[in-house]
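# Close look at the chain arrangement
Next come the chains, spelled out residue by residue.
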Amino acid sequence: MFELPSKIKNYINGEIVEPISKNYFSNINPSTGQEYSVVADSDKADVELATQAAIQAFPEWSTLPHQKRFEYLMKIAELIDKKMDYLAYAESIDNGKPLKLAKRVDIPRASANFRFYATAILHYYSQAHINERTSFNYTFKQPIGVAGCISPWNLPLYLFTWKIAPALAAGCTVVAKPSEITPMTAYLLSEIGIEAGLPKGVLNIVHGYGHKVGQSIIEHPKIKAISFTGGTKTGKTIASTAAPMFKKLSLELGGKNPNIIFADCNYDKMIKTTIQSSFANQGQICLCGSRIFVERKIYDKFKNDFVEKTRSLKVGPPLNEDTQIGAVVSEQHMNKILSYIELAKQEDGTILCGGNRKILDTPYNSGFYIEPTIIEGLHYTCRTNQEEIFGPVVTITPFDTEEEVITMANSVEYGLSATIWTENLTRAHRVAHQLESGIVWINTWLNRDLRTPFGGMKASGVGREGGFKALDFFNEDKNICVDLS
Ligand code: TXE
């Protein structure tokens, strides 16, 4: 057990400061439903201070040798590793996710993000185009300026650092906002920034609501690029403000991902992974496969095995060692998920298991727990199968042909990721090519190589993160042409 800060404040110009208004709002522990800290309710004035600090810091940071930026980012990565248990505990309390998941995935990935981009900047290069003896062009990559990074609540430190690390590595200074629902590890990152000796104003973290702090970041004329992960509806609002200002935009939005299971798959591997891809992090991962399509030949067998395994998943307090499903992030989100289960019933779906809020023993009896839920019998075009639920809820649907399953898979407005299970290599590639998804996994799920492009098609977003693409995003290309004649 660790003691967590009771007041989450801003990190501006190298210091931890109160919001100008001195107002705070409640931060709830989803495993108990009780307030356990308060969060700075910042506004436009705080964003202005943070942006001014970032503007001041930009000239020096952007021209620092790559080796120096590498050293700062590596120091941050080391400190995250050193505080691994503390950060994992904080993430679990703040978000409701099982502690062992935070230890295995969230916090290691946060330090990996810093390490990856610290080293990536050492290998970053630009192109040259040479016309025999007449002219010589080279592409100068210039850090874009102050970048705005806005992240969601499902993978708090993991996604926050996935934006901040490449922005800092590229030479941008940053004004960042974590989700108001899960601000704790972002606050702890500000302490790490200070401990790492990060120069003043290079990284600024402003806490508060999306419509106040987030919107002020988006609207600020001096913030040149916006990297956002969150809901598709918010992405639309952001695009409508930022696009007319000609800001660079990277939007990683929602998903309603298909998990396509052919009869010739490696069954044991598939079913084990499908439990993960359905319910990991309480189903609150934009990459979860929430629509499961199963070839009819194995549908009944799959249904029985999947239901049995899902029933045996342990829903419990996030800090317990044997908990597999923790609390969902908030009461509001729990009610949204439960309303989708009700909708599925109205749409003539059959609940095969789960379907209810789960009340645990005290002191967890007011926590936000939902039984992992499997629904069958729904048409692929119904709302339950078209809208993002973002909880421990999946639907299962049989199919007969490849064409049929591709039509059903592509029928949604989203296009983030897809999984295909088959041992037939030709079919795997044939289907992968036809799916409208930014990411396709064959016989695996959430298998991430940080060098690969990450992002979605259609309503799942604009642009790609990952590898050099993120460094490109935070840079502006300038072509310089020299006459050699
Ligand atoms: O996300 P929001 P919410 C999906 C999921 C979920 C739904 C809504 O379906 O149920 O989105 O979740 C900030 N200008 N995903 O409401 O609002 C906000 O403060 C600038 C999928 O929690 O999009 C937070 O920091 N910023 C997703 C961030 O945007 C604004 C993960 C995300 O919050 C803003 C989370 C504004 N006007 C939810 N309004 C994924 N793809 O991983 C809000 N924000």
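Residues numbered from 1 in each chain as written. Predicted model: local features only at pLDDT ≥ 70, side-chain atom pairs only at ≥ 80, totals over all residues. Heavy atoms only, no water.

## Focus: helix 9 (residues 267-279)
Compared with the 18 Å implied by 1.5 Å per residue over 13 residues, the 18 Å span of helix 9 between its first and last C-alpha is a close match. Buried residues of helix 9: Tyr267, Met270, Ile271, Thr273, Thr274, Ile275, Ser277, Ser278 and Phe279, and no others. Trailing helix 9 by a residue or two, Asn281 shows a phi angle of about 55 degrees, which is positive. (Helix = DSSP H or I, 4+ residues; strand = E, 2+ residues; numbered from the N terminus. Expected span 1.5 Å × (residues − 1). Buried < 20%, exposed > 50% of the residue type's maximum accessible area, 1.4 Å probe, protein only.)

## Digging into the pairing of strand 4 (residues 24-29)
Here is the key point about a regular strand: its side chains alternate between the two faces of the sheet. Relative to strand 5 (residues 34-40), strand 4 is paired through six bridges, and the arrangement is antiparallel. Counted as the bridge partner of Tyr24 is Ala40 from strand 5. Where strand 4 folds back onto strand 5 in an antiparallel hairpin, the turn is made up of four residues, including Gly33, whose phi is positive at roughly 75 degrees. (Pairing = 2+ DSSP bridges.)

## A short note on the packing of aromatic side chains
Applying the stated criterion across every chain yields a total of 14 aromatic pairs. Ring centres 5.8 Å apart and planes at 90 degrees place the aromatic pair Tyr125 and Phe468 in the edge-to-face group. Note that Tyr125 is positioned in the loop between helix 4 (99-123) and strand 6 (128-131) and Phe468 in helix 15 (residues 467-473), a separation of 343 residues in sequence. With a centroid separation of 4.9 Å and 80 degrees between ring planes, the pair formed by Phe473 and Phe474 is classed as edge-to-face. Accessibility assignment for this pair places Phe473 and Phe474 in one class, buried. Three or more aromatic residues link up through ring pairs in this structure, and these residues are Phe2, Tyr86 and Tyr89. When the ring centre of Trp162 is taken as reference, the NZ or CZ atom of Arg109 above it lies at 4.5 Å. Sitting above the plane of the Phe262 ring, Arg427 keeps its charged end 4.1 Å from the centroid. (Phe/Tyr/Trp six-rings, centres within 6.5 Å; stacked < 30°, edge-to-face > 60°. Lys NZ or Arg CZ within 6 Å of the ring centre and 35° of its normal.)

## So, the pattern of salt bridges
Enumeration over the complete set of coordinates arrives at 20 salt bridges. Close ionic contact of Glu342 with Lys345 constitutes a salt bridge, the shortest N to O distance being 2.9 Å. Placement of both Glu342 and Lys345 in helix 11 (residues 331-346) is noted, with a separation of three residues, approximately one turn of the helix. Here Glu342 falls in the partly exposed class, since its relative accessible area comes to 39%. When its relative accessible area of 36% is taken as the criterion, Lys345 is described as partly exposed. With a closest N to O distance of 2.7 Å, Arg451 and Asp449 form a salt bridge. Here Arg451 falls in the exposed class, since its relative accessible area comes to 62%. Each of Lys141, Asp472 and Asp477 takes part in a single network of salt bridges with overlapping partners. (Salt bridge = Lys/Arg side-chain N within 4 Å of Asp/Glu carboxyl O.)

## Points about the nonpolar core
Buried together is how nonpolar side chains tend to be arranged in soluble globular proteins. Counting residues in hydrophobic clusters, the biggest one holds 81 residues, and the most contacted among them are Ile76, Ile80, Phe114, Tyr117, Ile164, Leu189 and Leu287. The element contributing the most residues to this core is helix 5 (residues 156-170), with eleven residues. Formed jointly, this core draws a minimum of three residues from each of two domains, domain 1 (7-253 + 460-481) and domain 2 (258-450). For Ile80, the contacting residues outside a window of four places in its chain are Leu87, Ile107, Ala110, Ser111, Phe114, Leu189 and Ile192. (Core = buried A, V, L, I, M, F, W, Y, C linked by side-chain atoms within 4.5 Å. Domains from an automatic or database assignment. Contact = heavy atoms within 4.5 Å.)

## Here's the deal with the site of the ligand
By nearness alone, 26 residues border the ligand, and Trp153, Glu180, Thr234, Lys336 and Glu388 come closest of all. Here an oxygen atom of the ligand sits 2.8 Å away from a polar atom, N or O, in the side chain of Lys177. Between the ligand and Thr234, the relevant distance is 2.7 Å, taken from an oxygen atom to a side-chain nitrogen or oxygen of the residue. In the complex, 86% of the free accessible area of the ligand, which totals 810 Å², lies under the protein chains. Counting residues per element, the shell around the ligand draws most heavily on helix 7 (residues 210-219), which supplies four residues. For the shell around the ligand, the per-class residue count stands at ten nonpolar, twelve polar and four charged. Lining the shell around the ligand are residues from two domains, each supplying at least three of them: domain 1 (7-253 + 460-481) and domain 2 (258-450). (Near = heavy atom within 4 Å. Polar contact = N/O pair within 3.5 Å; in protein donor to acceptor, adjacent residues only side chain to side chain. Areas by Shrake-Rupley, 256 points an atom, 1.4 Å probe, with all protein chains shown as cover. Nonpolar A, V, L, I, M, F, W, Y, C, P; charged D, E, K, R; others polar.)

## Here we look at the domain arrangement of the protein
Looking at the assigned domains, one finds that the protein contains domain 1 (7-253 + 460-481) and domain 2 (258-450). For domain 1 and domain 2, the distance between their C-alpha centroids amounts to 30 Å. At the junction of the two partners, domain 1 supplies 32 residues and domain 2 supplies 31 residues. Together domain 1 and domain 2 conceal approximately 2500 Å² of surface at their shared face, both sides included; 59% is due to carbon and sulfur atoms. Considering only the side of domain 1, the residues that lose the most area to domain 2 are Ser31, Trp153 and Ser460, jointly responsible for 21% of the buried surface there. The tally of links between domain 1 and domain 2 comes to zero salt bridges. (Buried area = accessible area lost by both parts, 1.4 Å probe.)

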